[in-house]
Amino acid sequence: MKSMIFDRRSVLRASAAGLALAALPKQAAAQGLSGTVRVWTFLGADGQSPREVVLREIIKRFKATHPGVDVRIEAQPFQELEVKFVAASAQNRAPDVIWMRDTFLDLVQQRGALADLDALLSDDFKTKVLPDLYPVFVEKSVFNKKRTSLPIWPSPAQAIFYRKDALSELGLDAPPLTWDAFIAAAGKLTKSERLGFGLPTNDNSVSAFINILSGFGPSIFDAATGQFNVTSAEAKEAANVVRQLVANGALSPTLLNAMGDDIQDQFASGRFAMVQAFAPRFQQYKQIAAGYSGKDLAVSAWPAFGTRPPAVLLGPYWTVGISAKAANPAAATAFVESLFSEEASMAWAKTAGLVPDRRSLLQAPFFSTPEASDIRAFTALLAAPGVMTFPQRMPNITKVFPVMNTALQELIGTKESVGAVLERAKSTLGW
Amino acid sequence: MHAISLAKPRGLDVVAQRARLTGSSLVAPALLLVIAINILPALYGFYLSLHKVFFFGNEGFVGLGNYVELFRDPFAWQAIGRSLLFTFAALAVAVPLALLAAIGIRRLGRWGSVLLTVLLVPWAMSPIVVALLWKWILVPSPGGLVGAAFNAFGLPPQDLLTDPLLAMPTLIIVAVWRNFAFATIILIGGLGQIPRDLYKAAAVDGLGAWESFSKITLPLLAPSLLIVISMLTISYFNEVQLIIGLTGGGPIRQTNTLAYLLYHTGFVELDQGRGNAIAAVMFLINMGLIAIYIRILGKQSGAAA
């Protein structure tokens, strides 16, 4: 009988063969996927914004590993995504993958339009990737033990962007984090044609009023009903903040129905010292800065009332789901998983300046570099003690933002009593 | 000898019947399209207006509930008022402007055609593109054209779209800019039908320019003017894309017209039952306006005869 001799080379060969064999099923599965994955998102297939550039890179990488799968981006206006998706789903022409705002998740899942991701995601993803995502966002997508979507681009959503050069005029490094001090500083920042503070007051999915109210902490939302008390003492105090900002010139009484994009454009031209802005657009704000240097752009939490911690309201933010009627669920799942790969997370971070979806990546050397200082600032906000999300189920969610924005316009542009404005908002909401 | 056989003359009724058949077959495809694209959806919309429909889910029959709620809502009445203000203010600017442009363009001859082509560009553009364009023009900061113009005169930037006093007038100006050239074309056609001899005779009689205009041009242009007024009324009353793009119904509901309320209720609040009720009300108001104009046109035609 011949004795077997295991030299170093044969062991290495055997190991290599073993590894190759282990990789075979995965590769075979990847190669076995075919067809088209239709994706509805607000990002354009040919756009040049940082997030669009990254999405293109991810698709390119996905196609390289899944040559049989074509990914087709069908860009939609962001405010119409959920509505069109539910309509398309009812007509059996829904896309495979859908981008949605978290505030619409409940409505969309009630219509049965979303697949249960726990039944689709690979075991590898469920054991390694899911626990690595931010739990506060991940858990909000689970309705009655059904995982309806995956949150993407963790961020504080509506944050305060400010110009360091403007604040330095007051000897400040950052905006004060209590409303009393903030109001005083914002008033002093109004100078010549520059306004101290700019708020979007006409978006259908953003409410500056609720952001101000969030300075009272998570208790503003009733755990049972998902509502906030529109006429409470806290709401009246939030309304008084608005009135004081107008009175000291920080807010313009004639800038009443600006949308987020208007504020973005005017901030770029130097019209404001501080604004409410959508956090994932931070890099975009830097790129288009014209009235000041993009290097002077920084981000802050919202001030709080009294001694409470600074407020960070996480939402509305984007989540990604798979249609319950997806024509190609396996390939769609593989594509969705690719959005959360380590490479993808690094790309979202490096190119688009976004907090990586994968928390473990924050240990990577890149996040200690000066280049990643903005991301560190956002990550710090996510870990802030005043952090909260919108309730999973908020009644009249489609009316809440427009109604509160009209109330905000009335607070800014009229002398009507705070109580009357808030009573009208409450009555319009039927709360 | 050759026998000459004459074809039996066709009866007039046969000819008429065939003509009717030909006419019907020509009209039928268009009619079917109108039924499929306009009438059936309108009927379905009315059916939905009698139901509670939210986010594409029909939650049951509510009868006239959506209508009752609508007419109890003070903001709905305000929206009707805003629609009428927008419509008639825009008409008051657009019609005289179109008339002046039509007269000017006719006098300019060949150059007038060039000018008309230029004026028609906004009309050919999508309303939402026009809105975006004007948003950039009006942006109240150094980047905006109007902002730069104010700046040149040492004036501060003006929030033309977000100031409660200025938003509606600004919206009206943009709406007029977009489609007054269309009205101009119709009026140029109308002016072309007025015999030149009348003006010569008026000159011989010693009539001045204003008298020629008021006693010849205006009366003979009345049918064209009524067509223009009818079409613009319906166009302005139903205008929504410019409002979505420029003001979003604000500030403080100042530009919240009925058409915008319909969009907002049906497509933002997703209350599609109530949205369809607003659509039905708008349909009735449109029909009312058309009926009024047809009546006026009818009288005008009668007077002309």
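Everything quoted here is computed from the prediction, not taken from an experiment. (Residues numbered from 1 in each chain as written. Chains lettered and ligands numbered in written order. Predicted model: local features only at pLDDT ≥ 70, side-chain atom pairs only at ≥ 80, totals over all residues.)

### A few points about the confidence of the model for chain B
- Averaged over every residue, the pLDDT of chain B is 90; the share at 70 or more is 93%.
- Interface confidence in the predicted complex, given as ipTM, is 0.83; pTM for the same model is 0.85. (pLDDT = per-residue confidence, 0-100.)

### Some points on the domain arrangement of chain B
Residue and element names in this part refer to chain B.
- Assigned domains within chain B: domain 1 (13-49) and domain 2 (67-304).
- The centre of domain 1, based on its C-alpha atoms, is set 31 Å off from the matching centre of domain 2.
- Tallying the contact residues gives four residues for domain 1 and six residues for domain 2.
- Taken together, the residues that form the side of domain 1 that touches domain 2 break down as two nonpolar, two polar and no charged. (Domains from an automatic or database assignment. Contact = placed C-beta atoms within 7 Å. Nonpolar A, V, L, I, M, F, W, Y, C, P; charged D, E, K, R; others polar.)

### Some words on the sheet that holds strand E1 (residues 35-41) of chain A
Residues and elements named next belong to chain A.
- One open sheet holds the five strands; their spatial order is E2-E1-E3-E12-E6, and the pairing between them is mixed. Every other strand in the sheet has two partners, leaving strand E2 (69-75) and strand E6 (150-151) as the edge strands with one partner each.
- Taken together, the two bridges between E1 and strand E3 (residues 97-101) define a ladder with parallel strand orientation. The residue bridging valine 39 from the neighbouring strand is valine 97, located in E3.
- This element, helix H3 (residues 81-90), spans E1 and E3 of the sheet and lies at about 135° to E3.
- Packed onto the sheet, helix H14 (residues 329-339) meets E1, E2, E3, E6 and strand E12 (318-322) and runs at close to 155° relative to E12. (Pairing = 2+ DSSP bridges. Helix = DSSP H or I, 4+ residues; strand = E, 2+ residues; numbered from the N terminus. Axes fitted to C-alpha atoms, helices over the stretch in contact; angles between N-to-C directions.)

### So, unusual backbone geometry
- Here the bond from Gly315(A) into Pro316(A) is cis, since omega is -5°, no more than 30 degrees from zero.
- The topology assignment puts Pro316(A) in the loop between strand E11 (312-314) and E12.
- Look at the link from Gly250(B) to Pro251(B): it is a cis peptide, with omega at -5°.
- Locating Pro251(B) in the fold gives a position in the loop between helix H10 (241-246) and helix H11 (258-268).
- Here Asn92(A), not a glycine, exhibits a phi torsion of approximately 55°, which is positive.
- Inspection of the secondary structure assignment puts Asn92(A) in the loop between H3 and E3.
- For Asn92(A), a count of 9 C-beta atoms within 10 Å translates into the label exposed. (Buried ≥ 20, exposed ≤ 12 C-beta atoms within 10 Å, placed from the backbone.)

### Examining the sheet that holds strand E10 (residues 297-300) of chain A
All names here are of chain A.
- Overall, mixed pairing links the four strands, which are arranged E8-E9-E7-E10 in an open sheet. Whereas interior strands pair on both sides, the edge strands pair on one side only; in this sheet they are strand E8 (195-198) and E10. Each strand axis lies, on average, 25° off the axis of its neighbour in the sheet, ignoring direction.
- Its contacts with the sheet place helix H9 (residues 179-189) against E8 and strand E9 (272-278), and it is angled at close to 125° to E8.
- Helix-sheet contacts for helix H12 (residues 260-268) involve strand E7 (158-163), E8 and E9, and the interaxial angle to E9 is about 145°.

### Observations regarding the environment of Arg38(A)
Residue and element names in this part refer to chain A.
- Its location among the elements puts arginine 38 in strand E1.
- Sequence separation between arginine 38 and proline 95 is 57 residues, and the spatial gap between their C-alpha atoms is 5.0 Å.
- With residues near it in sequence (within four places) discarded, arginine 38 still touches Arg72, Glu74, Pro95 and Asp96.

### Some remarks on the packing of helix H3 (residues 74-108) of chain B against H11(B)
Residues and elements named next belong to chain B.
- It is at 7 Å that the axes of H3 and H11 come closest, and there the two elements cross at 135°. Looking at the two axes, H3 sits oblique to H11. Residue-level inspection shows Ala76, Ala79, Ile80 and Ser83 of H3 in contact with H11, the latter providing Leu258, Ala259 and Leu261.
- Of the residues belonging to the contact of H3 with H11, the class tally is six nonpolar, one polar and no charged. (Parallel < 35°, antiparallel > 145°, perpendicular 65-115°, else oblique.)

### A word on the interface of chain A and chain B
- In this complex, chain A contributes 28 residues to the contact, which on the side of chain B involves 23 residues.
- Of all the secondary structure elements, the ones that give two or more residues to the side of chain A that touches chain B are H3, H12 and helix H17 (397-413) of chain A.

### Observations concerning the pairing of strand E2 (residues 57-61) of chain B
Residue and element names in this part refer to chain B.
- Burial analysis of E2 places just zero of its five residues in the buried class, which makes it a mostly uncovered element.
- Here strand E1 (residues 51-54) runs beside E2; their pairing, made up of three bridges, is antiparallel. The residue of E2 that forms the bridge with valine 53 is asparagine 58.

### Quick notes on the domain arrangement of chain A
Residue and element names in this part refer to chain A.
- The assigned domain composition of chain A is domain 1 (34-148 + 317-378) and domain 2 (158-314 + 390-429).
- Here the C-alpha centroids of domain 1 and domain 2 sit 29 Å apart.
- Facing the 18 residues of domain 1 at the interface are 14 residues of domain 2.
- Among the elements of the structure, helix H4 (105-110), helix H7 (135-138) and helix H16 (373-382) are those that each provide at least two residues to the side of domain 1 that touches domain 2.
- The element best represented in the side of domain 1 that touches domain 2 is H16, accounting for three residues.
- Taken together, the residues of the side of domain 1 that touches domain 2 break down into nine nonpolar, four polar and five charged.

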